[in-house]
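# Architecture and fold: a report
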Amino acid sequence: MLFLVFYFILFIVLIFQGTHIAGEVKTPLGTLPEEVGQSPVAAARWGILLITVGFFGSALGLLGFRSSAVAAMRPAFLVVGLGILALYGLWVVFLGRKPEFIGKAAVADDHGHAHH
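Throughout, residues of each chain are indexed from 1 in the direction in which the sequence is written. Local features in this predicted model are restricted to residues whose pLDDT is 70 or higher, and side-chain atom pairs enter the listing and the counts only when it is 80 or higher, whereas totals over whole chains, interfaces and linings include all residues. The side-chain quantities take in all heavy atoms of the structure and omit both hydrogens and water.

The helix and strand labels rest on DSSP assignments: H or I over at least four residues marks a helix, E over at least two residues marks a strand, and numbering proceeds from the N terminus. Check the secondary structure of the protein and you find 4 helices and 2 strands. Secondary structure of the protein in N-to-C order comes out as α-β-α-α-α-β. For the protein, buried positions account for 27% of its 116 residues. Only the protein chains shown count as covering a residue, and every accessible area follows the Shrake-Rupley method with a 1.4 Å probe. Taken as a whole, the protein presents about 8,300 Å² of accessible surface, with 71% of it coming from carbon and sulfur. Partly exposed describes any residue whose relative accessible area lies between the buried limit of under 20% and the exposed limit of over 50%, with all areas from a 1.4 Å probe on protein chains only and scaled to the type maximum.

How two helices sit against one another is set out by the angle between their axes and by the gap between those axes. Helix axes are fitted to C-alpha atoms over the stretch in contact, other axes to C-alpha atoms as well, and angles between N-to-C directions run from 0 to 180 degrees. Viewed as axis vectors pointing N to C, helix α2 (residues 40-63) and helix α4 (residues 74-95) meet at an angle of 160°, and their least axial separation amounts to 11 Å. On the basis of their axis angle, the class for α2 and α4 is roughly antiparallel. Crossing of α2 over α4 shows left-handed handedness. Residues Ala-42, Ala-43, Trp-46, Leu-49, Leu-50, Val-53, Phe-56, Gly-57, Leu-60 and Gly-61 of α2 touch α4, and the partners they reach there are Arg-74, Phe-77, Ile-84, Leu-87, Tyr-88 and Trp-91. Residue classes in the contact of α2 with α4 are distributed as 13 nonpolar, 2 polar and 1 charged. These descriptions rest on fixed angle ranges, namely under 35 degrees for roughly parallel, over 145 for roughly antiparallel, 65 to 115 for roughly perpendicular, and the rest for oblique. When the near helix sits turned anticlockwise from the far one by under a right angle, the crossing is termed left-handed; a clockwise turn instead gives a right-handed crossing. Contact definition: two residues touch when any of their heavy atoms are within 4.5 Å. As a working rule, the residues Ala, Val, Leu, Ile, Met, Phe, Trp, Tyr, Cys and Pro are called nonpolar, Asp, Glu, Lys and Arg charged, and the rest polar, with Gly in that last group.

Multiplying 1.5 Å by the helix residue count minus one yields the expected span of that helix. Here α4 contains 22 residues, and its C-alpha end-to-end distance of 30 Å stays within 8% of the 32 Å for a straight helix at 1.5 Å per residue. Along α4, the positions that sit buried rather than exposed are Arg-74, Phe-77, Leu-78, Gly-81, Ile-84, Tyr-88 and Trp-91. Viewed along the axis of α4, the buried residues span an arc of 145°, placing them on a single side of the element. Structural note: α4 exposes Ala-76, Val-79, Leu-87, Val-93, Phe-94 and Leu-95 on the side pointing more than 90 degrees away from its buried face. By definition, the arc is the one covered by directions from the helix axis to the C-beta atoms.

A few words on the environment of Phe-77. Structurally, the position occupied by Phe-77 is in helix α4. Residue Phe-77 is classed as buried on the basis of its relative accessible area, which comes to 15%. Here the alpha-carbon distance between Phe-77 and Val-53, two residues 24 residues apart in the chain, equals 9.5 Å. Not counting the four nearest positions on each side in its chain, Phe-77 is found in contact with Tyr-7, Phe-11, Val-53, Phe-56, Gly-57 and Leu-60.

Bringing α2 into the picture now. With 24 residues, α2 should reach 34 Å at 1.5 Å per residue; the first-to-last C-alpha distance of 34 Å fits that figure. Buried within α2 are the following residues: Ala-43, Trp-46, Gly-47, Leu-50, Val-53, Gly-54, Gly-57, Ser-58, Leu-60 and Gly-61.

On the secondary structure map, Ser-58 appears in helix α2. Excluding its chain neighbours within four sequence positions, the residues that come into contact with Ser-58 are Phe-8, Phe-11 and Ile-15.

Here we take up a nonpolar patch on the surface. Together, Leu-2, Val-5, Phe-6, Ile-9 and Val-13 line one region of the surface with nonpolar side chains, adding up to about 460 Å² of accessible area. Residue placement: Leu-2 occurs in helix α1 (residues 2-26). Residues qualify for a patch when their relative accessible area is over 30% and they have no salt bridge, like charges being joined within 9 Å and the nonpolar side chains of Val, Leu, Ile, Met, Phe, Trp and Tyr within 5 Å. The rule for a salt bridge is simple: a side-chain nitrogen of Lys or Arg has to be within 4 Å of a carboxyl oxygen of Asp or Glu.

The next point concerns the confidence of the model for the protein. The score called pLDDT rates the predictor's confidence residue by residue, from a low of 0 to a high of 100. Chain-level pLDDT for the protein is 81 on average; 71% of the residues reach the 70-or-more range. Confidence, expressed as mean pLDDT per element, reaches its minimum in the protein at strand β1 (residues 36-38) with 61 and its maximum at helix α3 (residues 68-71) with 93.

Glancing now at the packing of aromatic side chains. Pairing of aromatic rings covers Phe, Tyr and the six-membered ring of Trp, with a centre-to-centre limit of 6.5 Å; geometry is then stacked below 30 degrees between planes, edge-to-face above 60, and tilted otherwise. This structure, assessed with the given rule, holds 9 aromatic pairs. On the basis of an interplanar angle of 10° and a centroid distance of 6.4 Å, the ring pair of Phe-8 and Phe-65 is categorised as stacked. Here Phe-8, found in helix α1, pairs with Phe-65, found in the loop between α2 and α3; they are 57 residues apart in sequence, far enough to count as distant. What makes Phe-8 buried here is its relative accessible area of 18%. Within the aromatic cluster, the residues linked to one another by ring pairs are Phe-3, Tyr-7, Phe-8, Phe-11, Phe-56, Phe-65 and Phe-77. Across from the ring centre of Phe-65, 4.7 Å away, lies the NZ or CZ of Arg-74, which sits over that ring. Here, a charge over a ring is recorded when the distance from Lys NZ or Arg CZ to the ring centre is within 6 Å and its angle to the ring normal is within 35 degrees.

What follows is the structure in structure tokens.
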């Protein structure tokens, strides 16, 4: 029973994370500075992947109540879901956000020399 709780929580989290990342591209929440952004194409692809895996895992979990053969696939798909969530986490932390310095410099370009 505890396995099923974790199983369904994982795939619900995948669905919510997918909708969040896909929605963040269209309507940013403004929690990061403009200089740190995501690639819209990559973020949309991650969103689609997470939503698809989340719905597929949820459907597989529900169908497992009707068929013991499908229920036997749940542990393997749980590992797949955890792997995708881990890869997504690595993408968010290390690869997904690249600083792009645009706009006005924050420091004057006079190198500390005072001209009178």
